[in-house]
Each structure stands twice: as C-alpha cells, then as structure tokens.
Protein chains: 2
Amino acid sequence: MAEKITPRDKDFSQWYQDVVLQARLADYSPVKGCMVIRPNGYSIWEQIHENLDRRIKATGARNAYFPLFIPESFLKKEAEHVEGFAPQCAVVTYAGAKDLEEKLVVRPTSETIINSMFAKWIQSYRDLPMMINQWANVVRWEMRTRLFLRTTEFLWQEGHTCHATADEAEVEARKMLRVYVDFAEEVLAMPVIAGLKSESEKFAGALRTYCIEAMMQDKKALQAGTSHNLSTNFAKAFDTLFLDKDGKQKLVHQTSWGVSTRLIGGMIMTHSDDRGLVLPPRLATTHVVIVPILSNASLKADVLSAAESLAKSIQDAGASSQLPYSVGVLVDQDETKQPGWKFHEYELIGVPIRIELGPRDLEKGQIVMTRRDLGQKEVVLLGEVPQKVVRDLAAMQKELLEKARAFREKNTFAVDDYSDFRKRIEEPGGFFMAAWCQSKSCEAKIKEETKATIRCLPLDPDHQPIAEAGRCLACSSTDSLVRAIFARSY
Amino acid sequence: MAEKITPRDKDFSQWYQDVVLQARLADYSPVKGCMVIRPNGYSIWEQIHENLDRRIKATGARNAYFPLFIPESFLKKEAEHVEGFAPQCAVVTYAGAKDLEEKLVVRPTSETIINSMFAKWIQSYRDLPMMINQWANVVRWEMRTRLFLRTTEFLWQEGHTCHATADEAEVEARKMLRVYVDFAEEVLAMPVIAGLKSESEKFAGALRTYCIEAMMQDKKALQAGTSHNLSTNFAKAFDTLFLDKDGKQKLVHQTSWGVSTRLIGGMIMTHSDDRGLVLPPRLATTHVVIVPILSNASLKADVLSAAESLAKSIQDAGASSQLPYSVGVLVDQDETKQPGWKFHEYELIGVPIRIELGPRDLEKGQIVMTRRDLGQKEVVLLGEVPQKVVRDLAAMQKELLEKARAFREKNTFAVDDYSDFRKRIEEPGGFFMAAWCQSKSCEAKIKEETKATIRCLPLDPDHQPIAEAGRCLACSSTDSLVRAIFARSY
C-alpha cells in the first residue's frame, strides 16, 4: 500500500513535500536544486500554459523565442539589473571543446537579450507597440530550494513590451496585472491580492513592480506573479530608440511580466488536503474516474459496458454544457488493482470526481459519486449522473475559490501596535494590514525582527497605493502613510 | 518598399536566408550560432507542437520535464554517447558566484539525465512500458550554423521509452518512425523517405537509428526526424532494471525519438518560392487575408462591412467543414499601407489565400481571390467564396505534398556506375539509389570523394533494408548488398 501523507497541522512543509512526491507531480533530480516535473505535474502546467497563453494573445502579444544564453556584457549594461541577478547566475565558460572568449550567462530573465533585438527591430512609431511573449526555462542559482516553489531551473512565460509613451507602458503593466488576477482566480481558483511592491522588493531594473500575492493554508504569502513597468531603463542601456511622429528619436517605454511553475506549488498549498492533491477542475485532464467493481465474474461484462456508456454520456453532457473545457472521463478497467487501492490513488492524484459502479448499483440503476474536495459519497440515479457531473464540476471550481477567499479573509488582520503584531505574526500568523511611513529603514527593521516582509501595497481603483490614517507600524510616524500587507512568505 | 528576394536558381542558400529574414520568421542573435525565432516563425512551431503533441499522446506517451543541466559524469557513463556529444557540449563551470565541484553540461539530448530518473521510478514489469516525451531546448555547439537548419540552441521534442523486451522496443521505434512520416506528409506536406541509418550515421549510443529524409528544392537531403532503438545501452550504464514476472531483475529496452525546429527550415525549402514563404494551410494561423480597397471614401463603409461579413461567412464555412483546424481570417483595415504593398507582404509571409474586395467588385457581387502557391487571380462570386475557400485550402494542402513528391521522384535516380554517379551528383544532383556492400570503407570513400552520404537504407514492409542485386557502387563487390540512398545533405 501507499505511503502516509504527513498531516498539515503536524508539519506543513513535510505535508507539501509528501503530496508533491506521492502524487508524482515532481521529483528531486540528481542536479542540485533542479526538479523533474513528472507527467501528473506537467499536465497541470500544460493546462496553465494553454489557458494563460490564450489570455496573453488576446491582449495582442505574440509568442517568440530568444536564446538561452546571454553574453555577460549584456547583463552588465543595466546597473541595478546586474546587481540583482549576478549572484544567481549560472555561467557557461567552455563550449565546443574550448574556452569561450566571452562568458555566456544562462538566462535568469531575458530583458537584456530581448532588448538587443528590439533595438534592431524597432525603427519608428509605426512599429509600436511591440508586444512579445516567451514560454521558456530560466535558471537562478538558489541556496534553498523547494519543489515548484523555488528551484534553480524553472519554466515560465515572460512578456516584454515596448511603447511610445510612459502612459502606455503603465497601462500595459496594469493590464497584465489584471490578466494575472483573473487567471489566478478563474483557473487556479486561487484568490490573490493585487498590489505594488515596495522599492526594496521590486524587480532589479524596474521603475515599479506590481504583483499578485496569495495566502497559503499555513497563512504564509506566496508571490504568484509580477508585472513591471521598466520605464526607459533597459531602452537606455540598449539604445532602443524609435523615430516618433514629431521626427524625434525617442527611447521606448517598456514593461515585462511573468508567472512560473511556482503557480503549481501555490495551487497545491491553497487547495490540497491530508489525503493528497485537490485539483480545480479547470486544471484537470481527467475530470471523472469511473471505477467499475468487477469482482462478480458473470456480471463483469454488464458493469463494464454500463461504465463505458456512462463515460460517453458524461462527455456528451460536458460538450453541450457551458464548461470551458472537454470533460475527460477515465474508466479504470485494471483488474490487477483493488477498488480500495484505486479510491486512495485517485484521491491522492486529485481527480475531481470519482464514480463507483458495481453490479448491485447497476441493478438499482444508480452509482456512488464522490467530489474530491468534499469527500462525501452520494448515491445518484444513473440517468441524472451526466448533468450532476457538469453541475458539480462548475460548483467545485467556484467553491474552491470561495473557500480559499474565506480562509484568507479570516486570517487577515488590521494592526497598529508593533508589539501586538510581533506576537501575532508568530501565532496565529496571517496577513497583517498596517500603516507604513514608506521608509526603507522601517521596512528593514520589521523584516529583521519578525521575518515578515511587505508583500505589497494594495491598490485603490486608480492603481495607487491606499493612503492609511494612523501611525507607522515601526516608527509611529504619521507622515506619508500607506497601507501595507505584512506577512511571512515563501 | 521591401528588399528583393534572391531567386532560387541564382543562389539557393541566399534565397533561403532572404525568405527567413524578410518574412520575419527568424533572426540572427548576438549569441554566436543561436537564433531568435520571431512571431511569424514561432506560430509555425506552435502549430507543429500542437499537432504532433496530439499524435504523440495518442501513442500513450505523456509529457514531462527534466533538468536543462546534466552532470558531466552522467554523460560519460555511456561510452559511444560521450564520444559523439562531448565535442559539441556547452559547459557551466561557475554558478551562484562560485566554481562548481562538478561541471554541468547543457543538455545536448537527455538520455542520460532521464535514465537516472527511470532507474529510480521503474521497479517492476508493472511499471512498463514507461513512455515519456519532453518539449525542450537543447544545445549543441556548431561550427557552421544556418537559421532553423543547424543552430547552437534549438527547440525539439524528445521521446524516451522503456520496455520489458527487445521486441517491444523495436516495435515502438518503428511506430514512432511511422508517426513522423504521417505527420511530415499530412501536416508539413513534406514527403519523406523512411529508412535505416548506416552504422556510421546512427545516434551515438543507439543500437539502430531510423530516420525520415526529405528532398529540398535544391535536391539536397534533409534529415527531418529520427527514432532510435537504444537496446539496453543506457539501461546498462544507469542500472535501469525491473523485476520481471519470472522474478528476475532485467535491463529495460529503450527507445528515443525526436524532431526539432529544423522541420521549419525543411518545410520552407520544400514549398517556398521566389516571392517568399509558401505555408501549407495546416501550419497557418491566418489562412485567408481580405484586403479591402478603401480608396473611394464614400464607399469605404460598404466595402468594409462586406469584407467583415465575408470573413464571418468564411469562418462559419470552415467550422462546418471537414478541415482539421479553424480557418483564421484577417481583414486588413490598415489605411496607412497601399493594397499593392499588402499583396506583396502577404505573399512574402505566406498567407495561403488572399482576397481583394473593392467597390467595383462589390457592385458586381464578386471578389478576386489568389491562392498563394498558384499565384493566379480568380474572380469568384461573393456567395461562392466560403465554400471555395474551404475547397482551396484542402486542395492546397494536398497539392503541395503531391508537387513535392513529384519533384523528388523526378530527381531520384538508380545508379550502378561510380564514375557516372560522381558526375551526376554534381549536376543535376538528386537522390541516387545504389547497391552498397555495407562496408564502412566504401561509405567513407564515397563521402570523401563526392560529399554524398548514405541518407538511409529504405525499408521493406517488414522494416528490413531492401536487398539489392548488382554491384556495390564503390567496390563492385556483389556480397551482402543493400539498397542505399546517396545524396548531399544539410
């Protein structure tokens, strides 16, 4: 039989690792810090890719592919950028059986190499906006790694856009933030807070970084995506100029934005439970598994044929429903495994709906159905199953989001007293909203003393940080206060 | 106005580069040997990916992702493999701001890193067959590179499978060869010859390599995909063992198989012409462009509205047709460009069907339609356009394949006299079928003296090289003769 999953309340970190390994989502590789994404995990990435790709293309961006390698000199052209990324770079010094004249950095992100091409492709205002997205692997050397959440190599998409004006770049950065919010909530069923990063937490080379932050079941925060307004920082470094309508050469204004395989880790820590993976239906490939009970030899053929015909009816009901995906149905005919083993297995790997169908059920014209997140068996008449599956898949998607949002709201607190905050960040933990005077020293003091960081400054409808009345959590100043969310994070 | 494309008959190699650069399919990057795949080229790769991925999954393989880096010691475990790949490796020696204890090779192919995981995952015959596919970038340091055809970094899929018996592995290798043949012919409209590679040309580490070979318009051969029976070579090196039904530990029998972005280059050199890219409809995203003639201000609104309604009718006709894709229709409303400029542009980038619609056409209830590969204008009644588009797209896909096949047949010759062959390989060139005694020295002599290599040994219905009567092309021996295809190649 299978291994046991450590319960969440005993050791959350061990629970996470148990779920990832036992559900065969990913595995450790022999290369330090690099993971292997196994088929059960990769199929989730394929759903993310397909769904987000459609949303990105709908904004007008097109996909392209740029080199894995970046000449070391390119990385050095933007001062803040190299300072931020140099300590994490993997460097090729030897290739084709000789030492390289110029070392090549394995891309940690592609602003520099892409700007070298933008500078060549963009001539006039007619070429703008130029909006490119890339699905690729990137490498950032990490000391402490965790499957999906922080790995030396990871998969992501990185969008890079050029615009004629500062305003257009700002609009684009905010628009992509909104795409990420909608995607995270509608597809991953993971509620997120959209906000602005503080100066210390922003992307190396950006004017301003927007982000989405999610709360995990251990009440820690996970940064789930970022959208940067790069201003003209990289354009200056690479002479990315265009001839404007007024006949003048001007620097383009840029954005970049990305999400990664980290989303899979965030999704797991948002929904899963002590029995294994809980997968929002929109990320599943197999939505329904039918486990026929085949122990009675004389009725086996009848049971199997009923299971196959039920599978077909469910697929048909899905196709004529409003569900934004084809409903995948598996009839598990494997007779070398016991039904009990199968129930456990499909719970572990997170199939949204399980149906049991035995000879006695068949006689009564019914089946037993279990929604993965609720875990309660229901008896359903055969003829009603297809419509119920469609309703349950839609309900499960919606309720996972609502449940996670309720959890976050329950664990989000307003604080104004620092010593109170220091106690509560330990126990019970959560997101703490407080006033902050916007000084780096207050931010650093809080991080140093509590290991909590500013996750973001939540935004008002005009995308401005929300002003807060009161006193700064750290220094009690009453000047230039904004609302900040403090939390420990991944 | 645009640059001129060098005609094929003047300089084929320059023609190819002109098409790739001017149609904005790819560009040179600042990193030696690495290309940038631009949106017009990447959308072709997306079609290839989507279509081939479906075929691969239908065979039972599932996608996964393995690390980019391979510990140097792993590559050395299989002797022939390291000998074949070491000269082409790019090596990371420095990462995270220090020298690495063990150097990491950027994967040139993933047999070794994947076997290290197979050895961990596979325990018993119940775990077999294990069939994994990966879409990834790989790096092979090349001296002379050409966009798409041979680049230092390229994108590909690599399948890796494990089986309980030698027979099953052989069946799998042949099955995937067949998948590649069907894919190349049905989707790329590129006819291929399936065959066996000679010992000197097989994959480093394989027992046997099958391949598909295509003829380009300059009559040179392009290896377009390979499928390897790896026997137990990598299983031995990595102790990839399973407990068989008989209670004995046995080595797994493996295959690997792949195609790459090189296919895009092959497709271009198969179909394109002196006016630019000719794209088989199954690789297109925009299948039809409607260019409304908007010069008459008072009729502009009518023309535009007719164009939009025609676009809709074409999409609807596509949706209810047998075409295996949605028909993409673009109405080009850009008034800053002249119709003549647009005609040239859409020919260059290979939109399969162009429709011109002006006020006079509208009055007569007709349009002017041009199929990209034929280049002849046809007047078509408005009401008949949607069905004609559907028919023409299907016909174009079919006729491109037929035309390329006829070209290959016309340029394939049987030869038995070596001096005759030496003349004809220079002029007119082509594929030359000849008897070969299977000795490496004869193969090497022919390569040395004529720059022609054995592209493959064509297969009989049992997948065996075809025996040939006569004398070996090089040594005149009459022993163990097989039919070989000799050609110069990319």
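Conventions and cut-offs
Chains are numbered independently. Their residues run from 1 in the order of the written sequence. Chain A is the first chain written and ligand 1 is the first ligand written, with later ones labelled in order. Reporting in this predicted model follows two pLDDT cut-offs: at least 70 for local features of residues, and 80 or more for side-chain atom pairs to be given and counted; totals over whole chains, interfaces and linings ignore these cut-offs and use all residues. Counting from the N terminus, the helices are DSSP H or I runs at least four residues long and the strands are E runs at least two residues long. When we talk radius of gyration, it's over C-alpha atoms, and the globule rule is simply 2.2 Å times the number of residues to the 0.38. The burial criterion counts other C-beta atoms lying within 10 Å of a residue's C-beta, which is placed from the backbone; the residue is buried at 20 or more, exposed at 12 or fewer, and partly exposed between these limits. A residue pair is marked as a contact if its C-beta atoms, positioned from the backbone, fall within 7 Å. DSSP-based pairing: two strands are paired if at least 2 bridges between them are found. All axes here are fitted lines through C-alpha atoms, helices being fitted over the stretch that makes contact, and every angle between N-to-C directions spans 0 to 180 degrees. Throughout, the edges of the domains are those of an automatic or database domain assignment. Under the scheme applied, nonpolar residues are Ala, Val, Leu, Ile, Met, Phe, Trp, Tyr, Cys and Pro; charged residues are Asp, Glu, Lys and Arg; polar residues are all the others, including Gly. A residue counts toward the fit only if its pLDDT is at least 70 in both copies, and the copies are then superposed by least squares on the C-alpha atoms of those residues. By convention in this section, buried Ala, Val, Leu, Ile, Met, Phe, Trp, Tyr and Cys residues joined through C-beta atoms within 7 Å make up a nonpolar core. Any angle that is under 35 degrees is reported as roughly parallel, and any over 145 degrees as roughly antiparallel; angles of 65 to 115 degrees are reported as roughly perpendicular and all others as oblique. Two helices that cross are described as forming a left-handed crossing if the nearer one is turned anticlockwise from the farther one by less than a right angle, and a right-handed crossing if clockwise. Per-residue confidence from the predictor is reported as pLDDT, which spans 0 to 100.

Attention now moves to the overall build of chain A. Per the secondary structure count, chain A includes 14 helices and 23 strands. Taken against the 2.2 N^0.38 rule, which gives 23 Å for 490 residues, the C-alpha radius of gyration of chain A at 25 Å falls within 12% of a compact globule. Principal axes of the C-alpha set define a box for chain A whose edges measure 85 × 60 × 45 Å. Looking at chain A residue by residue over its 490 residues, the buried ones come to 49%. The contacts in chain A between residues at least 6 apart in sequence include a share of 68% that link residues at least 24 apart.

Residues and elements named next belong to chain B. Sheet architecture is open: 5 strands sit in the order E16-E15-E17-E18-E19, paired in mixed fashion. Lying at the two open borders of the sheet, with one neighbouring strand each, are strand E16 (329–331) and strand E19 (377–381). Averaged over all neighbouring strand pairs, the angle between strand axes comes to 25 degrees, with direction disregarded. In the packing of helix H10 (residues 339–349) onto the sheet, the strands contacted are strand E15 (288–292) and strand E17 (353–357), and the crossing angle to E15 comes to about 170 degrees.

Residue and element names in this part refer to chain A. Each domain of chain A was delimited in the assignment, giving domain 1 (12–271), domain 2 (284–392) and domain 3 (412–487). On a C-alpha basis, the centres of domain 1 and domain 2 stand 40 Å from each other. Of the residues in the side of domain 1 that touches domain 2, the class split is 1 nonpolar, 3 polar and no charged.

Residue and element names in this part refer to chain B. With respect to the element layout, Ala194 can be found in strand E9 (residues 193–196). Ala194 sits 124 residues away from Gly318 along the chain, and the two C-alpha atoms are 33 Å apart. Here Ala194 is in contact with Leu177, Val181, Tyr210, Ile212 and Leu459, once residues within four sequence places are set aside.

Below, the discussion takes up the interface of chain B and chain A. Listed per partner, the contact involves 40 residues of chain B and 40 residues of chain A. When residues of the side of chain B that touches chain A are assigned to their parent elements, the largest contribution, 6 residues, is made by strand E5 (residues 90–95) of chain B. The class makeup of the residues in the side of chain B that touches chain A is 28 nonpolar, 7 polar and 5 charged. Pairing of strand E5 (residues 90–95) of chain A with E5(B), which is carried by 5 bridges, proceeds in the antiparallel orientation.

The subject of this paragraph is the relation of the copies chain B and chain A. Superposing chain B onto chain A takes a rotation of 180 degrees plus a shift of 0.0 Å along the axis, which leaves an RMSD of 0.1 Å. Both copies of the chain, as the preceding transformation shows, are related through a two-fold rotation axis. Proximity to the rotation axis, assessed at the C-alpha, singles out B:Val92 in chain B; its C-alpha lies 2.1 Å from the axis. An overlap of 100% is found between the interface residues of chain B and their copies at the interface of chain A, pointing to a shared contact surface.

A few words now on the sheet that holds E5(B). An order of E4(A)-E6(A)-E5(A)-E5(B)-E6(B)-E4(B) is seen for the 6 strands of this open sheet, with the pairing classed as antiparallel. At either end of the open sheet lies a strand with only one pairing partner, and these are strand E4 (69–71) of chain A together with strand E4 (69–71) of chain B. Within this sheet the neighbouring strands show an average axis-to-axis angle of 45 degrees, counted without direction. As paired elements, E4(A) and strand E6 (residues 98–106) of chain A share 3 bridges and run antiparallel to each other. In the sheet register, A:Pro71 faces E6(A), and the bridge partner there is A:Leu104.

Let us now look at the pairing of strand E23 (residues 482–487) of chain A. Residue and element names in this part refer to chain A. For E23, a buried count of 6 out of 6 residues is recorded, marking the element as mostly surrounded by other parts of the structure. Of the pairings in the sheet, the one linking strand E21 (residues 431–436) to E23 comprises 5 bridges and is antiparallel in character. Considered in E23, the bridge of Met433 is made with Ile485. Sheet analysis places strand E22 (residues 453–458) next to E23, joined by 3 bridges and oriented antiparallel. In the strand pairing of E23, Ile454 is matched with Phe486.

Our next topic: the nonpolar core. A:Val92, A:Ile290, A:Trp436, B:Val92, B:Ile290 and B:Trp436 are the most contacted members of the largest nonpolar core, which totals 304 residues. The residues contacting B:Val92, other than those within four sequence positions of it, are A:Ala90, A:Val91, A:Val92, A:Val106, B:Phe69, B:Leu100, B:Lys103, B:Leu104 and B:Val106.

For the peptide bond that leads from A:Leu128 to A:Pro129, omega is -5 degrees, which places it in the cis range. If you trace the backbone, A:Pro129 turns up in the loop between helix H5 (111–121) and strand E7 (130–139). Look at the link from B:Glu427 to B:Pro428: it is a cis peptide, with omega at 15 degrees. As for its position among the elements, B:Pro428 is in the loop between helix H13 (418–426) and strand E21 (431–436). One non-glycine residue, A:His463, lies in the positive phi region at around 65 degrees. Checked against the element boundaries, A:His463 lands in the loop between E22 and E23. Despite not being glycine, B:Lys451 has its phi angle at roughly 60 degrees, a positive value. Tracing the backbone through its elements, the reader meets B:Lys451 in the loop between helix H14 (440–450) and strand E22 (453–458). Residue B:Lys451 is classed as exposed on the basis of its 12 C-beta neighbours within 10 Å.

All names here are of chain A. As a packed pair, helix H9 (residues 300–319) and helix H12 (residues 385–410) sit with axes 8 Å apart at the nearest point and diverge in direction by 50 degrees. In terms of orientation, H9 and H12 fall into the oblique class. As for how H9 packs across H12, the hand of that crossing is right-handed. Together, Leu310, Ser313, Ile314, Ala317 and Gly318 of H9 and Val385, Pro386, Gln387, Val389 and Val390 of H12 make up the contact between the two elements.

Here chain A averages 97 in pLDDT, while 100% of its residues score no lower than 70. Reported confidence for the predicted complex is 0.97 by ipTM and 0.97 by pTM.

Residues and elements named next belong to chain B. Of all 11 residues in strand E11 (residues 221–231), 10 are buried; the element is thus mostly enclosed. Pairing analysis gives 8 bridges linking strand E10 (residues 208–215) to E11, with the strands arranged antiparallel. Residue pairing for E11: Ile212 is matched across the bridge by Gly225. Linkage of E10 to E11, two consecutive antiparallel strands, is achieved through a turn of 5 residues, within which Lys219 is found at a positive phi near 75 degrees. Sheet topology note: the E11/strand E14 (residues 253–260) ladder contains 5 bridges and is antiparallel. Note that in E14 the partner of Asn229 across the bridge is Thr255.

This paragraph deals with helix H8 (residues 262–271) of chain B. Most of H8(B) is tucked away: 10 of the 10 residues are buried. Within the sequence span of H8(B), burial applies to B:Arg262, B:Leu263, B:Ile264, B:Gly265, B:Gly266, B:Met267, B:Ile268, B:Met269, B:Thr270 and B:His271.

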